[in-house]
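The residues making up each chain are set out below.
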Amino acid sequence: MIQESKPPVTLFESHKQLQDIIDSNHPLVQLADSIDWNSIEEELSLAFPSNTGHPNKPIRLMVGLHYLRYMFDLSDESIVWAYVENPYYQYFCGEKVFQYAFPIDRSSMSRFRGRLKKKKLYKLLQETVKSGFKTKVIKPKSVECSVIDSTVQEKNIAYPTDAKLYYKGIILLGKLAKSLGITLRQSYIRAGKKLLIKHGRYNHAKQFKRQRATLKKLKVRLARVHREIHRKALEQNINLGFEARELLAQCERLLKQKRNSKNKLYSFHEPQTVCISKGKAHKRYEFGNKSTFITTAKECFILHADAHEGNPYDGHTLTQALESANQTTTEILNTGIDYLFTDKGYQGHGYTGDTTVLIETSANKKRHKQLKRRASIEPVFSHTKQHHRMGRNFLKGSAGDLINTILSACGYNLKKIYNKFKRAYKKMLSLLLFILFGDYLRLGTISVSVK
């Protein structure tokens, strides 16, 4: 007779409840209690119906994992591992009992993000702003004066050069021909690699005439493969799918573009990437998208974040950004932004609303002291890029630009609230240590007797 095996005794066999494991004064516990999770679940439940198929994971779990991911600069895989190891992460995501298994697969994170639309993303940012007012990290009066500016969110692409793009096009067209069953006269994959190596060597040796000749050979070979696939697809009546037509169109766009062309192709897997020059001394050109932030002038708390397609003029983005920020503050405090500080890049914005837009010019000398706070938004860009996953965007497409920008802003806001609780928690622990070991601390030593 076979007896059923008993489950192994776990470390937390008698303490499975999270309330028995964690400290209720921990910063993550206080941060979780300050967020209105019910409002988030009501808003996002419409986008994630579970009428058919496998039931969805709890919305608080998915949103909490994304909040933590952008707060502590973790990848999809790292946050899933950290969730199992950290009971405070589990409490933040709404668990009542300590979990020993992975809550989701890492691929579920990207699928969840893909279903979040712009309105739902703004809801996640709005809840962090509500939490900021609730925890008094920002004061209602601070909304009166705010700052707006734009920055570049770089895309995860290699530095684009014509030679690398031509060779990449040759490789992709070779794979396309193989998948369509087209036999090429010559694929030029090996010959193209030799030409790419030669191009780099000639450039290093400053032999620019030979470099240009090698570049022209690469372009000619790309054009040959492009024409041959087009011709044989017509002759053999091969039905080209959407991805095949898109790749052929990109190669044609690459072959036609010149030095001064507009709407140039900088990447095959991220064709919407644009080249943006912000006048930086250390980095003249950046390849990605333009993102706009509105922050409070005093506490540097983010009220609005948005990502734009292409390279729009800053002044043309001001009206939409300001209306969105005013809508957020009006819903929370029944008041909007009175003064908005900008740099000279927003001249000619054309905004005619109730908010007074002040630009850093000689005409505003009376408000020079207030306008000095305009530069307070620059460290916000630095923090979001270095600590909240905005430095290099790994999410695909224009939707990925928007998702990464807004969630980075959410992570930045939550980290500011978390740091406030963390400072209070440290003070409480220091006071507790002083009460327990005050006499020893006054003497400068703590003696321990071992019997």
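Further up the page is the structure itself.
Calculation criteria
Residues numbered from 1 in each chain as written. Predicted model: local features only at pLDDT ≥ 70, side-chain atom pairs only at ≥ 80, totals over all residues. Heavy atoms only, no water. Helix = DSSP H or I, 4+ residues; strand = E, 2+ residues; numbered from the N terminus. Buried < 20%, exposed > 50% of the residue type's maximum accessible area, 1.4 Å probe, protein only. Contact = heavy atoms within 4.5 Å. Lys, Arg positive; Asp, Glu negative; His and termini not counted. Charge placed at Lys NZ, Arg CZ, Asp CG, Glu CD. Patch = residues over 30% accessible without salt bridge, like charges linked within 9 Å, V, L, I, M, F, W, Y side chains within 5 Å. Areas by Shrake-Rupley, 256 points an atom, 1.4 Å probe, with all protein chains shown as cover. Salt bridge = Lys/Arg side-chain N within 4 Å of Asp/Glu carboxyl O. Pairing = 2+ DSSP bridges. Expected span 1.5 Å × (residues − 1). Axes fitted to C-alpha atoms, helices over the stretch in contact; angles between N-to-C directions. Parallel < 35°, antiparallel > 145°, perpendicular 65-115°, else oblique. Left-handed = near helix turned anticlockwise from the far one by under 90°. Nonpolar A, V, L, I, M, F, W, Y, C, P; charged D, E, K, R; others polar. Core = buried A, V, L, I, M, F, W, Y, C linked by side-chain atoms within 4.5 Å. Arc of directions from axis to C-beta. Polar contact = N/O pair within 3.5 Å; in protein donor to acceptor, adjacent residues only side chain to side chain.

Quick look at the overall build of the protein now. In terms of regular secondary structure, the protein is built from 16 helices and six strands. By the burial criterion, 45% of the 451 residues in the protein qualify as buried. In the protein, the proportion of contacts linking residues at least 24 apart, taken out of those at least 6 apart, comes to 70%. A gap of 12 Å separates the mean positions of the 77 positive and 40 negative side-chain charges of the protein.

Quick look at a positive patch on the surface now. There is a patch of like positive charges on the surface, built from K136, K420, R423 and K427. Mapped onto the secondary structure, K420 falls in helix α16 (residues 397-443).

Attention now moves to the pairing of strand β3 (residues 286-296). Two faces make up the sheet, and in a regular strand the side chains alternate between them. With eleven of its eleven residues buried, β3 lies for the most part within the structure. Judged from the three bridges that link them, strand β2 (residues 274-276) and β3 form a sheet pairing that is antiparallel. For V274, the partnering residue across the bridge sits in β3 and is G288. Across six bridges, the pairing between β3 and strand β4 (residues 302-308) is antiparallel. Within β4, the residue paired with I294 across the bridge is H304.

In this section: helix α9 (residues 162-180). An α-helical segment advances 3.6 residues per turn. Residues three or four places apart therefore align on the same side. The terminal C-alpha atoms of α9 lie 27 Å apart, and with 19 residues this matches the ideal 27 Å at 1.5 Å per residue to within 8%. Just downstream of α9 lies G181, where phi reads positive at about 80°.

In this section: the pattern of salt bridges. In this structure the tally under the stated criterion is 16 salt bridges. Across the pair R389 and D73 runs a salt bridge whose closest N-O atoms are separated by 3.3 Å. Taken as a pair, R389 in the loop between α15 (377-387) and α16 and D73 in the loop between α4 (59-71) and α5 (76-85) lie far apart in primary sequence, 316 residues in all. Residue classification places R389 among the buried residues on the basis of a relative accessible area of 19%. Classification of D73 by relative accessible area gives partly exposed; the value is 34%.

What is expected of a backbone is that most residues other than glycine have negative phi and most peptide bonds are trans. Positive phi outside glycine occurs at D73, with the angle close to 55°. One non-glycine residue, C300, lies in the positive phi region at around 60°. The residue C300 is located in the loop between β3 and β4 in this model.

For T342, the location among the structural elements is in strand β5 (residues 339-342). The contact partners of T342, leaving out residues within four places of it in the chain, are I148, L318, V357, L358, I359, E360 and R374.

Before going further, it helps to examine the environment of E41. Summarising the element assignment, E41 is placed in helix α3 (residues 37-44). Given the relative accessible area of 30%, E41 is considered partly exposed. The residues contacting E41, other than those within four sequence positions of it, are I59 and R60.

Residues M428, L429, L432, L433, L436 and F437 make up a contiguous nonpolar surface patch of roughly 520 Å² in combined accessible area. Mapped onto the elements of the fold, L432 is located in helix α16. Note on L432: relative accessible area 45%, which makes it partly exposed.

What follows deals with the packing of α9 against helix α11 (residues 208-235). In the contact formed by α9 and α11, the axes pass within 9 Å of each other and the chain directions differ by 25°. Here α9 is positioned roughly parallel relative to α11, judged by the angle of their axes. Here α9 runs over α11; the crossing is left-handed. Note on element contacts: α11 touches α9 through L215, L218, K219, R221, L222, V225, H226 and I229, opposite D162, A163, Y166, G169, I170, L173 and A177. Broken down by class, the residue content of the contact of α9 with α11 amounts to ten nonpolar, two polar and three charged.

Now for the nonpolar core. If you look at the biggest cluster of nonpolar residues, it comprises 84 residues, and the most contacted ones within it are L28, L31, L44, V63, Y67, F92 and L124. Looking at which element gives the most residues to this core, the answer is α16, with eleven residues. Among all residues touching L44, those that are not within four sequence positions of it are I59, V63, F112, L116, K120 and L124. Of all hydrophobic cores here, the second largest spans 26 residues; its members include I182, I229, L248 and L265.

Attention now moves to helix α7 (residues 107-114). Where α7 is concerned, the buried positions are S108, M109, F112 and R113. What you see down the axis of α7 is that its buried residues fit within an arc of 140°, all on one side.

Considering the arrangement of structural elements, one finds T273 in the loop between α12 (242-256) and β2. A C-alpha to C-alpha distance of 8.8 Å links T273 and S398, two positions 125 residues apart in sequence. In this structure T273 touches K155, I157, K264, Y266, F287 and G288, once residues within four positions along its chain are discounted. A distance of 2.9 Å separates a polar side-chain atom of T273 from the backbone oxygen of E270.

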